[in-house]
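Architecture and fold: a report
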Amino acid sequence: MADVDIVNVEKTFSGGKEDSPFTVFQDVNLSVDSGEFVSLLGPSGCGKSTLLNIVAGLDEATAGKVTSDDKAIVKPGPDRGVVFQEPALMPWLNVKENVKFGLKKHKLSKEEAEDRAVHFLKLVHLGKFMNAFPHELSGGMKQRVAIARALAMNPDVLLMDEPFGALDEQTRSMLHEEVQSIWEETKKTILFVTHNIREAILLSDRIVLMGTRPGRIMEVFDVNIERPRKTSDPDFITLEERINDQLKGEIHKVMREEMGDGYGGA
Ligand SMILES: Nc1ncnc2c1ncn2[C@@H]1O[C@H](COP(=O)(O)OP(=O)(O)O)[C@@H](O)[C@H]1O
Ligand SMILES: [Mg+2]
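In short, a report on the structure. Residue indices begin from 1 for each chain and proceed along its sequence in written order. Ligands are numbered from 1 and chains lettered from A, in the order in which they are written. Under the rules for a predicted model, residues below a pLDDT of 70 receive no local features and side-chain atom pairs below 80 are neither given nor counted, while totals for whole chains, interfaces and linings still include all residues. To obtain the side-chain values, all non-hydrogen atoms of the structure were included, while hydrogens and water were left out.

A short note on the overall build of the chain
Secondary structure elements follow DSSP: runs of H or I no shorter than four residues count as helices, runs of E no shorter than two count as strands, and numbering proceeds from the N terminus. Summing up its helical and strand segments, the chain has 7 helices and 10 strands in all. At 19 Å, the chain has a C-alpha radius of gyration in line with the 18 Å of a compact globule built from 266 residues. Here the chain, with 266 residues, has 48% of them falling under the buried criterion. Should any heavy atoms of two residues lie within 4.5 Å, those residues are considered in contact. Considering only intrachain contacts with a sequence separation of at least 6, the fraction spanning at least 24 residues in the chain is 68%. Summed over its atoms, the accessible surface of the chain is roughly 13600 Å², and 50% of this surface lies on carbon and sulfur atoms. Restricting the calculation to C-alpha atoms gives the radius of gyration, and the globule rule supplies 2.2 Å times the number of residues raised to the power 0.38. Throughout this description, buried means an accessible area under 20% of the type-specific maximum (1.4 Å probe, protein chains only), exposed means over 50%, and partly exposed covers the range between. Per-residue and other accessible areas follow the Shrake-Rupley method at a 1.4 Å probe size, with only the shown protein chains counted as cover for residues.

Right under this line is the structure:
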């Protein structure tokens, strides 16, 4: 298991020839404990994916530093698994081969790789679909394969960027349950990006609300509600309203800036 420390992180994109540099966020500080489930929540464009990609080692901070167990993160590594909104499976490989593909660098014996793939595919309830090809699967099933693929590499930290954003409500809620039981079973550290308040409250120990223009952390909410959580729980509803009020303010701000006088919102 591992923790993640984000210290005074800034990200600025240098822009094209004529564009001026654009700072996505500045002074971002966040410590995620080992085994903790933390969500990054915020309006589209506030830099959630950018921050997650920096922790993944897929992008580089302009200033500040990001460490996991005190080791600087400079590139992707087997200690961090990533799941994106699009599962990006290889269409010419079946489900089991897709999961095993990610294990190639791990220098496992054939049997070990096989066992791991089977184990994690069963964990995400795809035991019966190991020989199916991606085009034969629903969106939810594909996303389960992506989760199994990430877990099979046995990362300490799981980074998920709106993993259920493209799924229908029912599938999404089934996967919420699965992710929770996987998290409880494996005790992974999870950093989860979403713009869905309910999803964040259902799953997280803490919710980091990000604002935009300038991008920053606005507030961190502890979710002290017993699991499994119900959206009808009065504590759930109270927290949802608190977060919603703040988030709405940010979204209106963005709309006003983008649309000027033409914007009729509050
Ligand atoms: N490679 C890039 N070059 C320039 N700007 C970028 C790049 N990637 C993201 N951005 C900008 O950074 C901001 C944050 O993007 P992103 O992290 O994707 O936000 P979110 O995931 O919260 O929707 C956006 O304004 C986006 O246009
Ligand atoms: Mg994003």
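Topic: the site of ligand 1
Near, as used in this document, describes a residue that has one of its heavy atoms within 4 Å of the molecule or strand being considered. Taken together, the residues surrounding ligand 1 are F13, F22, V24, P43, S44, G45, C46, G47, K48, S49 and T50. At 2.9 Å, a backbone N or O of K48 approaches an oxygen atom of ligand 1. At a separation of 2.8 Å, an oxygen atom of ligand 1 approaches a polar side-chain atom of S49. When residues of the shell around ligand 1 are assigned to their parent elements, the largest contribution, 3 residues, is made by helix α1 (residues 48-56). Three classes are used, and their members are as follows: Ala, Val, Leu, Ile, Met, Phe, Trp, Tyr, Cys and Pro are nonpolar, Asp, Glu, Lys and Arg are charged, and the others, Gly among them, are polar. Looking at the shell around ligand 1, its residues break down into 5 nonpolar, 5 polar and 1 charged. Throughout this description, a polar contact denotes any pair of N or O atoms lying within 3.5 Å of each other; where both atoms belong to protein, one of them has to be capable of donating a hydrogen while the other can accept it, and for residues adjacent in sequence the pair is counted only when both atoms sit in side chains.

Observations concerning the packing of aromatic side chains
Classification of ring pairs rests on two measures: the distance between centres of Phe, Tyr or Trp rings, Trp counted by its six-membered ring, which must be within 6.5 Å, and the angle between planes, read as stacked under 30 degrees, edge-to-face over 60 and tilted in between. Applying the stated rule across the entire model yields 3 aromatic pairs. Taking 5.7 Å as the distance between ring centres and 40° as the angle between the ring planes, the aromatic pair formed by F37 and F192 counts as tilted. Of the two residues, F37 is situated in strand β3 (residues 37-41) and F192 in strand β8 (residues 189-194); the sequence distance between them amounts to 155 residues. This pair shows no difference in class: F37 is buried, exactly as F192 is.

Here's the deal with the environment of M1
Its location among the elements puts M1 in the segment before β1 (4-13). Ignoring anything within four residues of it in the chain, the contact list for M1 reads S34, D69, D156, T186, K187 and K188.

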